[in-house]
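Below, each chain spelled out in residue letters.
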Amino acid sequence: MSKQPFCQTKAYRNLAEDEITELTEEQAREQFTLFRWGSTTEMPCPACGSVDQHYHRRSRHQWRCKHCYTDFSVTTGTPFLNRKLPFKKILHLIYDFIASPKGCAADEYHAKRGVTLRAAYLNFHKIREALFEMRDQTPLSGLVQVDGGHFCGKPRRPRQRKQVTSGIVNNKLRNRKASMIPGGQTPTMEPWNREKYINRRIAIVLRQCGKKGEGANRTIVAIAMNENAESVIPLVRKYVVPGSTVWTDDGHAYKRLSAWYDHDSVTHSKEYSTDKGVNNNQAESYFSRLRRAEYGIYHGMRCQYFAFYANEYVWRADMNKKTLGEKYADAMEKIFKCGPSKSWRGYGGGHRLGFEYMG
Ligand SMILES: [Zn+2]
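The following refers to the structure shown. (Residues numbered from 1 in each chain as written. Predicted model: local features only at pLDDT ≥ 70, side-chain atom pairs only at ≥ 80, totals over all residues. Heavy atoms only, no water.)

## Quick word on the overall build of the protein chain
Here is step 1: For the protein chain, the helix and strand inventory stands at 11 helices and 10 strands.
Here is step 2: For the protein chain, the spread of C-alpha atoms along the three principal axes comes to 75 × 50 × 45 Å.
Here is step 3: Out of the 359 residues in the protein chain, the part that is buried amounts to 45%.
Here is step 4: In the protein chain, the share of contacts with a sequence separation of at least 24, taken over all contacts with a separation of at least 6, comes to 63%.
Here is step 5: Summing over all exposed atoms, the protein chain offers an accessible surface of approximately 19,500 Å²; the carbon and sulfur share of this is 50%.
Here is step 6: Averaging the locations of the 58 positively and 36 negatively charged side chains of the protein chain gives two centres separated by 5 Å. (Helix = DSSP H or I, 4+ residues; strand = E, 2+ residues; numbered from the N terminus. Buried < 20%, exposed > 50% of the residue type's maximum accessible area, 1.4 Å probe, protein only. Contact = heavy atoms within 4.5 Å. Areas by Shrake-Rupley, 256 points an atom, 1.4 Å probe, with all protein chains shown as cover. Lys, Arg positive; Asp, Glu negative; His and termini not counted. Charge placed at Lys NZ, Arg CZ, Asp CG, Glu CD.)

## Describing the nonpolar core
Here is step 1: Core analysis: the biggest nonpolar cluster contains 71 residues, and Phe32, Phe124, Tyr286, Phe306 and Tyr328 have the highest contact counts within it.
Here is step 2: Leu140, Val146, Ala229 and Val232 belong to the second largest nonpolar core, which has 21 residues in total. (Core = buried A, V, L, I, M, F, W, Y, C linked by side-chain atoms within 4.5 Å.)

## Here we look at the coordination of the zinc ion
Here is step 1: Taken together, the protein donors to the zinc ion comprise Cys45 (SG), Cys48 (SG), Cys65 (SG) and Cys68 (SG), at separations of 2.3 Å.
Here is step 2: Relative to the metal, the four donor atoms surrounding the zinc ion lie at angles of 107 to 113°, and the coordination shape comes out tetrahedral.
Here is step 3: All donor residues of the zinc ion come from one chain, and their arrangement in sequence is C-x2-C-x16-C-x2-C. Residue Cys45 is found in the loop between β1 (43–44) and β2 (51–52), and its partner Cys68 is found in the loop between β4 (62–64) and β5 (71–72); the two are separated by 23 residues along the sequence. (Donors = N, O, S within 2.8 Å, 3.2 Å for Na, K, Ca; no water. Tetrahedral: all angles 85-135°; square planar, octahedral: opposite > 155°, others 65-115°.)

## So, the side chain of Ser231
Here is step 1: The residue Ser231 is located in helix α8 (residues 229–239) in this model.
Here is step 2: For Ser231, the side chain forms a polar contact with the main-chain oxygen of Asn226, separated by 3.0 Å.
Here is step 3: The residues contacting Ser231, other than those within four sequence positions of it, are Ala224 and Asn226. (Polar contact = N/O pair within 3.5 Å; in protein donor to acceptor, adjacent residues only side chain to side chain.)

## Examining the sheet that holds strand β10 (residues 262–266)
Here is step 1: Strand order in the open sheet formed by five strands is β8-β7-β6-β9-β10, with mixed pairing between adjacent strands. Pairing within the sheet leaves two strands with one partner each, and these edge strands are β8 (216–224) and β10. Pairwise comparison of adjacent strand axes, ignoring direction, gives a mean angle of 25° for this sheet.
Here is step 2: In this structure, strand β6 (residues 143–151) lies alongside strand β7 (residues 201–209), joined through nine bridges in antiparallel fashion. Bridge pairing links Val146 to Leu206 in β7.
Here is step 3: Along the sheet, helix α9 (residues 281–297) contacts β6, β7 and β8; its crossing angle with β6, the most-contacted strand, is approximately 30°. (Pairing = 2+ DSSP bridges. Axes fitted to C-alpha atoms, helices over the stretch in contact; angles between N-to-C directions.)

## Topic: unusual backbone geometry
Here is step 1: The backbone phi angle of His61 is positive, close to 55°, even though this residue is not glycine.
Here is step 2: Mapping His61 onto the fold places it in the loop between β3 (55–57) and β4.

## Digging into the pattern of salt bridges
Here is step 1: Scanning the entire structure with this criterion turns up 14 salt bridges.
Here is step 2: A salt bridge links Asp71 to Arg64; the nearest nitrogen and oxygen atoms lie 2.7 Å apart.
Here is step 3: Residue classification places Asp71 among the partly exposed positions, given a relative accessible area of 29%.
Here is step 4: Bridged by salt links that share partners, the residues Glu17, Asp96 and Arg113 form one connected network. (Salt bridge = Lys/Arg side-chain N within 4 Å of Asp/Glu carboxyl O.)

## What to know about the pairing of β7
Here is step 1: Of all nine residues that make up β7, nine are buried, and the element is covered over most of its length.
Here is step 2: By the alternation rule, side chains of β7 split into Arg201, Ala203, Val205, Arg207 and Cys209 and Ile202, Ile204, Leu206 and Gln208, which are all buried.
Here is step 3: Across eight bridges, the pairing between β7 and β8 is antiparallel. What sits directly across from Leu206, in β8, is Ile220.
Here is step 4: Here β7 folds back onto β8 in antiparallel fashion, the turn holding six residues, of which Gly213 has a positive phi close to 90°.

## Some details on the side chain of His92
Here is step 1: Within the secondary structure, His92 is located in helix α3 (residues 87–99).
Here is step 2: On the accessibility criterion, His92 (8% relative accessible area) is buried.
Here is step 3: The residues contacting His92, other than those within four sequence positions of it, are Glu17, Ile20, Thr21 and Arg113.

## Concerning the pairing of β6
Here is step 1: Among the nine residues of β6, eight are classified as buried, and the element is accordingly described as predominantly covered.
Here is step 2: Here three bridges tie β6 to strand β9 (residues 245–249), and the two strands are oriented parallel to one another. Residue Leu143 lies in a different strand from β9, and its bridge partner there is Thr245.

If you want it as structure tokens, here you go:
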């Protein structure tokens with residue numbers, strides 16, 4: 001019998017949904033307070049930073065700072081600032097997000113939690129943004145696998161179906177990656193459809209591998225417009241310690257890496273792993289999950305928020321040896337450390353981020 005994956009063991013299931021369902025709203029608020037400050041009586045003032053037993057304005061669920069007299073609540077300075085949902089529903093949504101192994105579509109959870117689709121969408125995105133803001137970008141070392149995957153900006157099929165021969169299919173497959181350049185020219189496609197490639201983004205994933213057979217232990221993802229040497233090499237140099245071993249596929253973008261790294265490549269048109277064992281399978285495994293999320297869970301990702309989605313799957317991949325309780329605590333810690341949401345605060349009032357996270 002093969003070894004049981006950790007996410008199917010009893011040790012993994014150390015936090016059940018019932019534990020949140022059984023909370024009263026008051027207890028849910030208390031849990032929020034404890035996750036944020038580790039205490040319900042003594043906390044730092046978000047305005048001046050002084051730690052004290054501030055005046056508790058019990059009926060308003062607020063505190064007044066003993067030093068600068070600023071009023072604050074447990075959500076002041078967090079992504080859930082000005083929240084309208086009850087604490088218990090927010091805790092439920094956070095639990096849904098961390099406990100779903102493949103991703104968490106707002107569409108699936110809004111009715112289940114009795115909130116609007118927009119509330120579920122915004123709150124899931126706030127969690128995603130917090131994980132993104134607090135991601136660990138310390139450079140990777142040892143053995144690192146690097147690869148690029150193409151996402152977003154999917155053109156539609158033409159109205160009329162052309163006669164398909166094996167030659168056309170082979171040609172398409174061969175030219176697929178080369179033709180998917182955002183804003184680039186793709187022959188045999190109508191101009192309105194070609195424009196959809198403007199939304200195409202490239203996820204460059206870098207995965208640090210542990211001992212043989214243990215898979216990757218840390219992952220960094222960066223977003224680029226092209227998979228060419230100009231975009232890829234600065235990213236690899238930024239995120240990988242010089243002198244490390246880097247494994248890639250035989251793409252042109254990676255050819256010059258041997259100037260800084262012990263670089264080996266695998267020719268994917270011939271083999272998935274060379275005789276020496278050089279492969280890119282950890283990077284491919286990350287893309288496999290992100291690809292299934294794009295098609296099967298989210299049914300598309302907008303390129304403005306692609307960095308958040310890509311990083312969500314970095315978090316899921318890197319936390320795959322952690323228990324549910326540890327995942328919940330880790331997400332809570334990141335939510336409370338990242339400050340108010342930059343992308344989603346005021347979203348209902350028309351506020352938008354106005355730029356994309358790249359690199
Ligand atoms: Zn203060």
